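Architecture and fold: a report
Residue-level listing of the chains:
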Amino acid sequence: MASSSKRDDLSGVTIYEALKERGFSRRDFLSFCTLITATLALPSTFVSKVAEALERRKKPVLVWLEFQDCAGNTEALLRASKPTVGEIVLDILSVEYHETIMAAAGHQAEKSLMDVVKNQKGRYIAVVEGSVPMGDGGVYCCVGGRAAKETVKEVCGNAMATLAVGTCAAYGGLPAASPNPTGAVGVTQAVPGVPVVNLPGCPVNVENITATVVHFLTFGSLPPLDSRGRPLFAYGKRIHDNCERRAHFDAGQFVRQWGDEGHRKGWCLYEMGCKGPETFKNCPTVKYNEGTSWPVQAGHGCIGCAEPAFWDRMAPFYRRLPQPPGFGVESTADKVGAGLAAVTGAALVAHGIGRILSGGKKKEEERR
Amino acid sequence: MSKERIRVYAWEFPIRLTHWINVLCILALSVTGFYIGNPFMHAVSSKQYIMGWMRFIHFVSAYTFMLSMVVRIYWAFVGNRYASWRVWFPFTSRRFRDLMDAVKFYLFISKKPPYAVGHTALAGFTYLLVFGVFIFMIVSGFALYSLNRDGALWTLLGGWLTGVMHLQTIRLFHHLGMYLILAFTIIHVYIGWYLDLKERNGLMGSIFSGYKFVTGKEWE
Ligand code: HEM
Ligand code: SF4
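Residues numbered from 1 in each chain as written. Chains lettered and ligands numbered in written order. Predicted model: local features only at pLDDT ≥ 70, side-chain atom pairs only at ≥ 80, totals over all residues. Heavy atoms only, no water.

Concerning the pattern of salt bridges
Residue and element names in this part refer to chain A. Quick reminder of the rule: Criterion for a salt bridge: a side-chain nitrogen of Lys or Arg within 4 Å of a carboxyl oxygen of Asp or Glu. Every helix listed is a DSSP run of H or I at least four residues long, and every strand listed is a run of E at least two residues long, numbered separately from the N terminus. Here's how the labels work: a residue is buried when its accessible area is under 20% of the maximum for its type, exposed when over 50%, partly exposed in between, all with a 1.4 Å probe on protein chains only.
Tallied over the entire structure, the rule returns 11 salt bridges over all chains. Arg26 serves as the salt-bridge partner of Glu55, at 2.3 Å between the closest nitrogen and oxygen. Of this pair, Glu55 sits in helix H4 (residues 47-56) while Arg26 sits in helix H3 (residues 26-39), placing them 29 residues apart in sequence. Judged by its relative accessible area of 28%, Glu55 is partly exposed. Under the relative-accessibility criterion, Arg26 is labelled partly exposed at 36%. For Lys111, the salt bridge identified is with Asp115, shortest N-O distance 3.1 Å. A residue pair is termed a helical-turn pair when its members lie 3 or 4 positions apart in one helix, as Lys111 and Asp115 do in helix H7 (residues 106-119) at 4 residues. A residue is classified by how much of its surface remains accessible, and Lys111, at 51% relative accessible area, is exposed.

Let's talk about the confidence of the model for chain B
Spelled out, the test is: On a scale of 0 to 100, pLDDT captures the predictor's confidence in every residue.
Residues with a pLDDT of 70 or more make up 95% of chain B, whose mean pLDDT is 87. Model confidence for chain B, summarised as mean pLDDT per element, is weakest for strand E2 (residues 211-215) of chain B at 78 and strongest for helix H1 (residues 13-37) of chain B at 95.

Topic: the packing of aromatic side chains
Residue and element names in this part refer to chain B. The test is simple: Centre distance within 6.5 Å is the pairing criterion for rings of Phe, Tyr and Trp, where only the six-membered ring of Trp is used; planes under 30 degrees apart are then read as stacked, over 60 as edge-to-face, and the remainder as tilted.
A complete count under the given rule lists 32 aromatic pairs over all chains for this structure. For the pair Phe34 and Phe40, a centre-to-centre distance of 6.1 Å together with 35 degrees between the ring planes defines the contact as tilted. The exposure class of Phe34 is partly exposed, given its relative accessible area of 31%. Centroid distance Phe65 to Phe134: 5.2 Å. Interplanar angle 75 degrees. Geometry classified as edge-to-face. With Phe65 in helix H2 (residues 50-78) and Phe134 in helix H4 (residues 121-145), the pair connects residues that are 69 residues apart, well separated along the chain. Grouping residues by exposure puts Phe65 and Phe134 together as buried. Ring-pair connections join several aromatic residues into one group, and the members of that group are Phe59, Tyr63, Phe142, Tyr145 and Trp154.

What to know about empty space enclosed by the protein
Note the cut-off: Put simply, the grid is 1 Å and covers the protein atoms alone, a cavity is a trapped set of points that fit a 1.4 Å probe, a pocket is an open set with protein on both sides within 12 Å along at least five of seven lines, and lining residues have an atom within 4 Å of a point. Grid points are joined across faces, edges and corners, and a volume is the space filled by probe spheres set on the points.
Counted according to the given criterion, the structure contains 6 cavities of 30 Å³ or more. Looking at the largest cavity, its volume works out to about 670 Å³. Around the largest cavity, the lining comprises 31 residues; the ones closest to its centre are Ile36(B), His58(B), Phe59(B), Leu144(B) and His174(B). For the lining of the largest cavity, the elements supplying multiple residues, two or more each, are H1, H2, H4 and helix H6 (167-199) of chain B. Looking at the second largest cavity, its volume works out to about 100 Å³. As for the second largest cavity, its lining consists of 14 residues, of which His240(A), Cys243(A), Cys268(A), Leu269(A) and Cys274(A) are closest to the centre. Of all elements in the fold, only helix H13 (239-242) and helix H14 (246-251) of chain A reach the threshold of two or more residues within the lining of the second largest cavity.

Quick word on the coordination of the iron atom of ligand 1
Residues and elements named next belong to chain B. Operational definition: For Na, K and Ca the donor cutoff is 3.2 Å, while for all other metals N, O and S atoms must lie within 2.8 Å; water is not among the atoms, so some sites may look incomplete. Geometry is assigned from the angles between donors: four donors with all angles from 85 to 135 degrees make a tetrahedral site, four or six donors whose opposite pairs exceed 155 degrees while the rest stay between 65 and 115 make square planar or octahedral sites respectively, and everything else is labelled irregular.
Within the protein, the atoms that donate to the iron atom of ligand 1 are His58 (NE2) and His174 (NE2), at distances of 2.0 to 2.1 Å. Around the iron atom of ligand 1 sit 6 donor atoms, and with donor-metal-donor angles ranging over 84 to 179 degrees the site reads as octahedral. One end of the pair, His58, is in helix H2; the other, His174, is in helix H6, and 116 residues separate them in sequence. His174 matches His58 in its accessibility class, with the two residues each being buried.

Some remarks on the interface of chain A and chain B
Worth spelling out the cut-off: Working rule for contacts: check all heavy atoms of both residues, and any pair within 4.5 Å makes them a contact. Buried area: the sum, over both parts, of the accessible surface (1.4 Å probe) that disappears when the two are put together. Two N or O atoms form a polar contact when they lie within 3.5 Å of each other; inside protein one atom must be a possible hydrogen donor and the other a possible acceptor, and for residues adjacent in sequence the pair counts only when both atoms belong to side chains.
Tallying the contact residues gives 44 residues for chain A and 47 residues for chain B. Buried surface at the junction of chain A and chain B, both sides included, amounts to about 4,000 Å², of which 57% is carbon and sulfur. Applying the counting rule to chain A against chain B returns 1 salt bridge. For the salt bridge of Arg171(B) with Glu278(A), the shortest nitrogen-to-oxygen distance reads 2.3 Å. Inspection of the chain A/chain B interface yields 15 residue pairs in polar contact (both at pLDDT 80 or more).

Section: the site of ligand 1
The following threshold applies: Whether a residue is near a molecule or strand is decided by its heavy atoms; if any one of them lies within 4 Å of it, the residue is near. The rule for placing a molecule in a cavity or pocket is simple: more than half of its atoms must lie within 2 Å of the grid points. Three classes are used: nonpolar for Ala, Val, Leu, Ile, Met, Phe, Trp, Tyr, Cys and Pro, charged for Asp, Glu, Lys and Arg, and polar for all others, with Gly counted as polar.
The environment of ligand 1 is made up of 24 residues, and the closest members are Arg320(A), Arg55(B), His58(B), Arg171(B) and His174(B). Site remark: ligand 1 is flanked by residues from chains A and B. Side-chain polar atom of Arg320(A) to an oxygen atom of ligand 1: 2.4 Å apart, as the coordinates give it. With respect to ligand 1, the side chain of His174(B) contributes an N or O atom lying 2.8 Å from a nitrogen atom. Most atoms of ligand 1, that is more than half of them, are within 2 Å of grid points of the largest cavity. Elements represented by at least two residues in the shell around ligand 1 include exactly H1, H2, H4 and H6 of chain B. No other element matches H1(B), which puts 7 residues into the shell around ligand 1. Tallied by class, the residues present in the shell around ligand 1 amount to 14 nonpolar, 7 polar and 3 charged.

So, in structure tokens, the structure goes:
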């Protein structure tokens, strides 16, 4: 890690020192390292490596931009209970700019953002929450009189790396859903060519933000990404393949109605439209809110919120398959199929009758 | 039926073999696929493994079906003239005319049944479309299969499709493809039976034995 020494002096204190100051014990620190190592899907032998890195590395400077969003990812970051990963994240990061939680306001706040861009060029981490509207010159989202698409270009373009947190920042999310009136896109599309880690989800899982940052601090590089820019440790496995209800799927035990016997017994939500079979994320293992629960555990099917275009393509949320266009809202694939088979049958019957009417046997013999 | 009939060996062994393997596979794939889409049986105990077996049978049949298609397509290049890929394309003027004649026959515009020792032009063209559907089913099926199967083989067989189409669209089309195949099967069996009855040329028997019966005139 020869290159890392240069980055070590981003801010005053090391991460471990910062945690100690906040009253975390050595034990808390090590259990945090263990949790993050597990989230990163690394073997437990890496715990000491992670701990060592966090003891040595200085807090990285981070700016958090919010555009077209609901602040749900910020909520996810702040809402955690105690002793929290969320708190630890705030402690291991030196957050210089975050509209929702910073004390500074107005021009003073905007200046601190520009100071980071100027003074820490190429050395800070940018986090983006929310989509970037590209339509009509970007007028649909302006902060401090500046269009999001300009800010994102400057801030992400000069960052060491950008984390696009939440589905909106990663793929455009809800603002980009059809008909997408503002021309909303994700960060990768808004600023092509800059290094971006996509952490989709609605909201993002804070553990995955932390793990990405810790990976960076430990190994000096971004974690391996898939073709959609998502870290493999968090998005490499399908929900359906890690789901605690999977045994009921294989057995053939399905919830058929909300509140029925199967639902009370925790059976598989496949027939209720669960999109776990089409969604890649580590929800079943990492869960939300300090590992408390996640949608399927709570009894609701996955809606595929971490997949591109989920609002348009995963709908209807309570049916397994999309509605084929042009057959009316109520028609399902099976009705279309049954219709097709009926039309075929009818055509054949018509053909048979046609045969009889058009003279059948006699003419046939004449022809021969 | 007075004219003398000649016995012609139309369907070689690989054609008949792949035909019947396809029948069995499509049957198994449709029944299990329908279950995967609409689990109509519910387990009473979690020790059962209904969906598990359905998927297992679906995937074993899927591999068999794919290999059978590979053999069939290979035979389209090395087999006899009735098996050739050429009969799928109505792009010569003669084949196109035959195709229009057949269409007219089935719409009762003309009275002359289409006839060919192998496939008629219309049948050949239909098989081109049907093979297209089969190949789509294989590619989309392996695309779904690749979701929990990492490896170059599955990426090649279908995984690449996930980069082109949304997963839900793949699933929907894979599901609807089943009904297209069902519709084709009904028409296919009906026409086979109907022409056999009219022509008494052993059309239905030919896919078992390989032999068809033609009159001297038709035997060019
Ligand atoms: C004649 C050919 C086939 C038919 C009629 C057929 C039919 C079906 C149907 C109706 C479904 C349910 C789709 C849904 O509602 O979600 C399905 C699922 C599936 N099929 Fe096929 N299929 C065929 C060929 C194949 C092939 C060649 C493969 C290759 C591996 C394949 C792999 C799959 C997979 C992986 C699933 C999803 C299973 C799951 O999610 O657990 N299918 N098929
Ligand atoms: S609840 Fe959803 S993710 Fe879990 S096994 Fe059933 S279909 Fe798969």
